[in-house]
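# What the coordinates show
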Amino acid sequence: MTQGSCLCGAVRFTIDGRTTEIGMCHCSKCRKVSGVASNANLMTARENLVWNSGEDKITKFEMHDGWGTWRCSVCGSPLPKLHPGGGAYWIPVGLLDSDPGVRIAGHIFVGSKAPWEEIAGNAPQLSAGFGSERLD
Ligand SMILES: [Zn+2]
Ligand SMILES: [Zn+2]
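The structure contained in this document is the topic of the report that follows. (Residues numbered from 1 in each chain as written. Chains lettered and ligands numbered in written order. Predicted model: local features only at pLDDT ≥ 70, side-chain atom pairs only at ≥ 80, totals over all residues. Heavy atoms only, no water.)

## Quick word on the pairing of strand β7 (residues 68-72)
Under the convention used in this document: Here the term buried applies to any residue with accessible area under 20% of the maximum for its type, exposed to any over 50%, and partly exposed to those in between, with areas from a 1.4 Å probe on protein chains only. Put simply, DSSP H or I for four residues or longer makes a helix, DSSP E for two residues or longer makes a strand, and each gets a number counted from the N terminus. Pairs of strands are assigned from DSSP output, requiring at least two bridges between the strands.
β7 sits mainly inside the fold: four of its five residues count as buried. When strand β6 (residues 58-62) meets β7, the two strands line up antiparallel, connected through five bridges. Bridge pairing in β7 places Thr-59 opposite Arg-71. Taken together, β6 and the strand that follows it, β7, pair antiparallel across an intervening segment of five residues, in which Gly-66 is found at a positive phi of about 90 degrees. The pairing of β7 with strand β8 (residues 78-79) spans two bridges and is antiparallel. Bridged to Arg-71 within β8 is Pro-78. Linking two consecutive strands that pair antiparallel, namely β7 and β8, is a turn of five residues; a positive phi of about 85 degrees is found at Gly-76 within it.

Now the structure itself:
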C-alpha cells in the first residue's frame, strides 16, 4: 500500500494494488499543470485508490477532451484524477509519501519538450506516448 497526500494534508489517499511504471511527460499541458519541465505520473485501476480524507476539497478543471487537473481547493496541489473513460486514476507521483516501488519507464512527449529542458537519466526518450519513436 502506498499513501499519498497534498501539500496541506487535507486530501489523503491510499493506493492498494498494482500501478503502472512511472511516465515522465514533457508535453505542453503537463508543463502548465505542473509548472515544471515534466510531470511524473503513474496510473492505477479506479478500484485501487481510496480517498481517506478531503474528497470534498477536490476542485476539478477539465477540458473538452477530458484532459485536465484535479486540485486541492485549500493548497492547490494537483491530485489523482480519473482518466477520461473513468476506469483508472492518473496519479502525480510527487504526492506519494512512500516509495511506490516502480521507477521511470520512459520520458514521453519529448518531441514537445521545452527548449530549455535537459533530460537526465537512462530511461528511453520517446517522441510522443509509450510505443512512439525513440529520440535518444
Ligand atoms: Zn491541500
Ligand atoms: Zn503530458
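## Some remarks on the side chain of His-26
Defined as follows: Note on contacts: a residue pair is in contact if any heavy atoms of the two residues lie within 4.5 Å.
Mapping His-26 onto the fold places it in the loop between β3 (22-25) and α1 (28-34). Assessed through its relative accessible area of 1%, His-26 is described here as buried. His-26 has contacts with Arg-31, Ala-37, Ser-38, His-107, Ile-108, Phe-109, Val-110, Ser-112, Lys-113, Glu-117 and Ile-119, leaving out every residue within four places of it along the chain.

## Some words on the pairing of strand β10 (residues 88-92)
Within β10, five of the five residues are buried, leaving the element largely enclosed by the surrounding structure. Burial along β10 is two-sided: the residues Ala-88, Trp-90 and Pro-92 and Tyr-89 and Ile-91 are all buried. Note: strand β4 (residues 39-45) against β10, five bridges, orientation antiparallel. The residue of β10 that forms the bridge with Met-43 is Trp-90. Note: strand β9 (residues 81-82) against β10, two bridges, orientation antiparallel. Counterpart to Lys-81 in the pairing with β10 is Trp-90. The hairpin formed by β9 and β10 contains five residues between the paired strands, and Gly-85 there has a positive phi angle of roughly 105 degrees.

## Concerning the sheet that holds strand β2 (residues 12-15)
Worth spelling out the cut-off: To get an axis, a line is fitted to the C-alpha atoms, and for a helix only the part in contact is used. The angle between two axes follows their N-to-C directions and goes from 0 to 180 degrees.
Read from one edge to the other, the open sheet built from three strands follows the order β1-β2-β5, with strand pairing classed as antiparallel. A strand with exactly one partner marks an edge of an open sheet, and here the two such strands are β1 (2-5) and β5 (49-53). Between one strand axis and the next, the sheet turns through 25 degrees on average, direction left out of account. Pairing of β2 with β5 involves four bridges; the strand directions are antiparallel. Its bridge partner being in β5, Phe-13 is matched across the sheet by Trp-51.

## Some details on the sheet that holds β6
Across the sheet, three strands lie side by side as β6-β7-β8; this open sheet has antiparallel pairing. At either end of the open sheet lies a strand with only one pairing partner, and these are β6 and β8.

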